[in-house]
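Listed below, chain by chain, are the residues.
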Amino acid sequence: MNYDILISFVGASALLTIMPGPDIIYVLVQSISNGKKYGIATSLGLVLGIIIHTSLVAFGVSAIIKQSEYLFFTIKLFGVFYLLFLAFQAYKSEEDALVLKKVKKKKLIKLVQQGFIMNVLNPKVSIFFLAFFPGFLFSETKSTVVQFYILGFLFMLQAFLIFSLVSVLSGNVASYLQTHPTFQKKIKWFKVIIFIAIAFFIYYS
């Protein structure tokens with residue numbers, strides 16, 4: 001088992017999670033509008049949805065690996081190009097993703113359910129996992145299905161911790177965003193660099 005790859009995976013996952021996007025912004029909005037526990041409930045729902053995407057990727061890619069190493073290399077190559085495409089999209093984007101809007105208060109269980117459904121019904125998550133996970137397989141002896149589930153669990157754990165931290169620090173985060181209008185441009189370049197760096201890691205791993 002290659003622990004260096006696992007550490008790299010957790011680090012890359014954390015960098016991807018902290019990039020402002022629909023999920024983390026929604027957690028922040030719920031926390032600011034309704035309180036920290038509502039943000040944490042939303043976080044729980046969002047990360048539980050990862051189980052479904054992990055299962056789809058784990059069983060699908062594992063079947064392909066059994067058929068052909070060349071097909072697996074093709075998947076890794078797809079991952080590289082997809083991440084480079086995301087880097088290009090981030091570079092071209094002029095959208096202000098950090099606009100915070102008020103949301104209606106819901107029951108905690110409803111927020112868990114909503115977060116779960118939001119994640120499961122987003123096909124981009126499965127596509128991203130398909131691009132991201134194969135480059136971080138860490139063992140030549142363990143089943144690929146088991147490895148994918150370990151990666152999925154680690155992704156879920158770090159995402160929940162980061163989302164929950166955002167919920168707890170929601171007031172400070174919102175204040176920072178409001179007093180640093182140029183933050184969006186810095187985030188854009190942060191996204192570009194991270195996507196390109198992970199693409200290179202996957203290609204050369």
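A. The overall build of the protein chain, seen in detail. Secondary structure summary: the protein chain contains 10 helices and zero strands in total. Along the protein chain, from the amino end to the carboxyl end, the secondary structure elements read α-α-α-α-α-α-α-α-α-α. Put simply, the protein chain has 205 residues, and 44% of those count as buried. Contacts in the protein chain between residues far apart in sequence, at least 24 positions, make up 86% of those at least 6 positions apart. Accessible surface, the protein chain: about 11,400 Å² in total, of which carbon and sulfur atoms supply 69%.

B. Here's a closer look at a nonpolar patch on the surface. A cluster of nonpolar side chains, Leu44, Leu48, Ile51, Ile52, Leu56, Phe116, Ile117 and Leu121, forms an exposed patch at the surface whose accessible area comes to about 680 Å². For the nonpolar patch, the secondary structure elements donating two or more residues are α3 (36-48), α4 (50-67) and α6 (108-120). Here the nonpolar patch gets three residues from one element, more than from any other, and that element is α4. Along the chain, Leu121 turns up in the loop between α6 and α7 (123-132). Judged by relative accessible area, which is 65%, Leu121 ranks as exposed.

C. Local environment of the side chain of Lys191. Tracing the backbone shows Lys191 in helix α10 (residues 183-204). Residues contacting Lys191, with those up to four places away along its chain left out, are Met19, Pro20 and Ala90.

D. Structural detail: the packing of α3 against α6. Where α3 contacts α6, the axes come no closer than 6 Å and their chain directions differ by 35 degrees. Like other packed secondary-structure pairs, α3 and α6 cross with a definite hand, here right-handed. In this structure, α3 contributes Lys37, Tyr38, Ala41, Thr42, Leu44, Gly45, Leu46 and Leu48 to the contact, and α6 contributes Leu108, Leu111, Val112, Gly115, Phe116, Met118 and Asn119.

Reading the values: the criteria
- Residues numbered from 1 in each chain as written.
- Predicted model: local features only at pLDDT ≥ 70, side-chain atom pairs only at ≥ 80, totals over all residues.
- Heavy atoms only, no water.
- Helix = DSSP H or I, 4+ residues; strand = E, 2+ residues; numbered from the N terminus.
- Buried < 20%, exposed > 50% of the residue type's maximum accessible area, 1.4 Å probe, protein only.
- Contact = heavy atoms within 4.5 Å.
- Areas by Shrake-Rupley, 256 points an atom, 1.4 Å probe, with all protein chains shown as cover.
- Patch = residues over 30% accessible without salt bridge, like charges linked within 9 Å, V, L, I, M, F, W, Y side chains within 5 Å.
- Salt bridge = Lys/Arg side-chain N within 4 Å of Asp/Glu carboxyl O.
- Axes fitted to C-alpha atoms, helices over the stretch in contact; angles between N-to-C directions.
- Left-handed = near helix turned anticlockwise from the far one by under 90°.

What is shown is where atoms sit, not what they do.
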